Amino acid sequence: MVKNLKSPVTYAKMKGLMSQFSALIKERKALASDLMLKLVASPKIYRRFDSHGFLRPEEDAADELCFRGASPQKVTAADFDYLKVIGTGSFGKVLLAKQKDTKNYYAVKVLQKHPILQRKEQGHIMCERSVLLRTLNHPFLVRLHYCFQTSGKLYFVLDYASGGELFYHLQQERVFLEPRARFYAAEIASALGYLHALDIIYRDLKLENVLLDRSGHILLTDFGLCKEGVDREGRTGTFCGTPEYLPPEVLEQREYGLTTDWWALGVVLHEMVYGQPPFFSESRSRMLKNILYQPLLLSPGISKPARDLLQRLLEKDPRKRLQNLAELECHPFFSSINWTELVEKKVRPPFRPSLSGPVDLVNFDPEFTQLPVPPSLSACEGSGLTFPGFSFTSDNGPAVSTQFSRR
Ligand code: ADE
């Protein structure tokens, strides 16, 4: 080591140098990641520079060509008639749509690209697509049939759950009797167990994301917040979700895992039997404090098993909380449930949504259905591939060969 006696390196100087150095690295990192984003977002650029195909997602080819039946055919926004708005979300709307050639009805989720790109949410969107693709085979999860894009919008073509949101039905009735709450909680738990087996935390379980099909079975939707790739203990590090459903470990920004979803199931069950979430307060900050510090208070009026299950799900310490589907299945609250028959949809739903026909929208909140259908939805604008690898069709089996693989 060479010592510079004229100008010794003091601790303060060293600290200054280090902070300059780390600021420089931060700046370079930000520049590099910005450049990567631009590259990945713009196929024109990455095709030119990415001679080895590192940036090109395997399934990118599907964006230009979706295969339907024997002949290659593109499924586009113009293949559907958009009939009514049935839901709204942060980046767009869900519409009831009819496929022109098959006359099949679908729920089409249409998202605006611009705000997604602005808020750097591409990750969430591609995650939603990827989770939907990997979860084709569960009876209580909404199926993705196609996705495609125009220059301004992303389209997810999903199963249409004509029974509407569970939230809407609960609003109509205020509370559900225990047998009805048990049936929904069991079907939701079955879907969560399936996602967990695929290393996916659902993260956004809330009444609004629980839909009913025309027979009254559950369909979970909205996978934009799912976390794929949890580690073996099922932990990950980031979170954003609806506050009422957040467990203490998430509010405290500690690591969280699969048991986050079991807490949220506790919140949903509480809402079904009591008509409001646990730890409820009109004030958001009071409610957050309650979730963190207030012991769970359960008013009388529910059965002992229901009470015990709520305590096991709404346990503040995630290590003491109910851990998995197997534990839940043998809880006394579910003693009347035959889990094999449940997942085969052989258990008769306690409530069948009233429907006079496929486009009867009585189960949807008029707050949505009265909204005007945007006129530009069928417009065949150029595809503008700012989401490479997004498009997909399920008609002829998976367009992506790896979608069923378990990590
Ligand atoms: N709202 C959100 N997603 C939906 C779907 N798949 N079917 C009906 N309504 C919905």
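The following paragraphs examine the structure supplied in this document. Note that the coordinates shown come from a computational prediction; the quantities given were computed from them, not determined experimentally. (Residues numbered from 1 in each chain as written. Predicted model: local features only at pLDDT ≥ 70, side-chain atom pairs only at ≥ 80, totals over all residues. Heavy atoms only, no water.)

**Here we look at the overall build of the chain**
Point 1. Per the secondary structure count, the chain includes 14 helices and 15 strands.
Point 2. Burial analysis of the chain (407 residues in total) assigns 48% to the buried set.
Point 3. A separation threshold of at least 6 residues defines the contact pool for the chain, and within that pool the share at least 24 residues apart is 68%.
Point 4. Carbon together with sulfur atoms contributes 55% to the accessible area of the chain, which is approximately 20800 Å² in total. (Helix = DSSP H or I, 4+ residues; strand = E, 2+ residues; numbered from the N terminus. Buried < 20%, exposed > 50% of the residue type's maximum accessible area, 1.4 Å probe, protein only. Contact = heavy atoms within 4.5 Å. Areas by Shrake-Rupley, 256 points an atom, 1.4 Å probe, with all protein chains shown as cover.)

**Considering the pairing of strand 5 (residues 105-112)**
Point 1. Where burial is concerned, most of strand 5 is hidden: six out of the eight residues are buried.
Point 2. Bridge count between strand 4 (residues 92-99) and strand 5: seven bridges; the pairing is antiparallel. Residue pairing in the sheet places valine 94 in a bridge with lysine 109 of strand 5.
Point 3. Where strand 4 hands over to strand 5, the hairpin turn is made up of five residues, of which lysine 103 adopts a positive phi near 65°.
Point 4. Where strand 5 lies against strand 7 (residues 153-158), six bridges are found, and the strand directions are antiparallel. Counterpart to lysine 109 in the pairing with strand 7 is phenylalanine 156. (Pairing = 2+ DSSP bridges.)

**Thoughts on the site of the ligand**
Point 1. Taken together, Ile86, Val94, Ala107, Asp159, Tyr160, Ala161, Leu211, Thr221 and Phe364 make up the full set of residues near the ligand.
Point 2. Within the backbone of aspartate 159, an N or O atom sits 2.9 Å from a nitrogen atom of the ligand.
Point 3. Contact distances for the ligand include 2.9 Å between a nitrogen atom and a backbone N or O atom of alanine 161.
Point 4. Coverage of the ligand by the protein amounts to 93% of the 260 Å² it exposes when considered alone. (Near = heavy atom within 4 Å. Polar contact = N/O pair within 3.5 Å; in protein donor to acceptor, adjacent residues only side chain to side chain.)

**Some points on the pairing of strand 6 (residues 144-149)**
Point 1. With six of its six residues buried, strand 6 lies for the most part within the structure.
Point 2. With five bridges connecting them, strand 6 and strand 7 associate as antiparallel partners. Bridge assignment links tyrosine 146 to a residue of strand 7, and that residue is valine 157.
Point 3. Linking strand 6 to strand 7, which pair antiparallel, is a turn of three residues.
Point 4. By the bridge criterion, two bridges tie strand 6 to strand 15 (residues 392-393) in an arrangement that is antiparallel. Looking across to strand 15, one finds that tyrosine 146 is bridged to threonine 393.

**With respect to the packing of helix 9 (residues 259-274) against helix 11 (residues 304-313)**
Point 1. Put simply, helix 9 and helix 11 touch, their axes get as near as 8 Å, and they point 145° apart. The hand of the helix 9/helix 11 crossing is left-handed. Between helix 9, through Trp262, Trp263, Leu265, Gly266, Leu269, His270, Val273 and Tyr274, and helix 11, the contact on the second element is made entirely by Arg307, Leu309, Leu310 and Leu313.
Point 2. Here the contact of helix 9 with helix 11 is composed, by residue class, of nine nonpolar, two polar and one charged. (Axes fitted to C-alpha atoms, helices over the stretch in contact; angles between N-to-C directions. Left-handed = near helix turned anticlockwise from the far one by under 90°. Nonpolar A, V, L, I, M, F, W, Y, C, P; charged D, E, K, R; others polar.)

**With respect to the sheet that holds strand 6**
Point 1. If you walk across this open sheet you meet the six strands as 3-4-5-7-6-15, and the pairing is antiparallel. Of all strands in the sheet, those with a lone pairing partner are strand 3 (80-88) and strand 15, marking the two edges.

**Here's the deal with the sheet that holds strand 11 (residues 218-220)**
Point 1. Taken in spatial order, the three strands of this open sheet run 8-10-11, and their pairing is antiparallel. Two strands bound the open sheet, and with one partner strand each, they are strand 8 (164-165) and strand 11.
Point 2. Note that strand 8 and strand 10 (residues 210-212) share two bridges and pair antiparallel. Directly across from glutamate 165, in strand 10, lies its bridge partner leucine 211.
Point 3. The strands that helix 7 (residues 178-197) touches are strand 10 and strand 11; relative to strand 11, the one it contacts most, it runs at about 40°.

**Notes on the pattern of salt bridges**
Point 1. Applying the stated criterion across every chain, the model contains seven salt bridges.
Point 2. Ionic pairing is found between lysine 346 and glutamate 344, a salt bridge with its closest N-O pair at 2.8 Å. (Salt bridge = Lys/Arg side-chain N within 4 Å of Asp/Glu carboxyl O.)

**Details of helix 10 (residues 284-293)**
Point 1. Among the residues of helix 10, those classed as buried are Met287, Asn290, Ile291 and Leu292.
Point 2. Here the buried face of helix 10 lies against helix 8 (248-251) and helix 9.

**Section: the environment of histidine 270**
Point 1. As for its position among the elements, histidine 270 is in helix 9.
Point 2. On the basis of relative accessibility, which here comes to 5%, the residue histidine 270 falls in the buried class.

**Examining the nonpolar core**
Point 1. One finds Leu205, Leu220, Leu265, Leu269 and Leu328 to be the most contacted residues of the largest nonpolar core, which totals 54 residues.
Point 2. Not counting residues within four places of it along the chain, the set of residues in contact with leucine 205 comprises Ile188, Leu192, Val210, Leu220, Tyr245, Asp261, Ala264, Leu265 and Val268.
Point 3. Of all hydrophobic cores here, the second largest spans 16 residues; its members include Val85, Ala97, Tyr106 and Phe368. (Core = buried A, V, L, I, M, F, W, Y, C linked by side-chain atoms within 4.5 Å.)

**Side note on the packing of aromatic side chains**
Point 1. Per the stated rule, a full pass over the model turns up 13 aromatic pairs.
Point 2. An angle of 25° between the planes, with centres 6.1 Å apart, marks the rings of phenylalanine 80 and phenylalanine 148 as stacked. Taken as a pair, phenylalanine 80 in strand 3 and phenylalanine 148 in strand 6 lie far apart in primary sequence, 68 residues in all.
Point 3. For the ring pair phenylalanine 334 and tryptophan 339, a centre distance of 5.4 Å and an interplane angle of 70° mean the geometry is edge-to-face.
Point 4. By the ring-pair criterion, three or more aromatic residues cluster together here, those being Phe80, Tyr82, Tyr106, Tyr146, Phe148 and Tyr155.
Point 5. The ring of phenylalanine 156 carries the charged tip of lysine 109 above its face, separated from the ring centre by 6.0 Å.
Point 6. Of note, arginine 182 hangs over the ring of phenylalanine 333, and the distance from its end group to the ring centre comes to 4.8 Å. (Phe/Tyr/Trp six-rings, centres within 6.5 Å; stacked < 30°, edge-to-face > 60°. Lys NZ or Arg CZ within 6 Å of the ring centre and 35° of its normal.)

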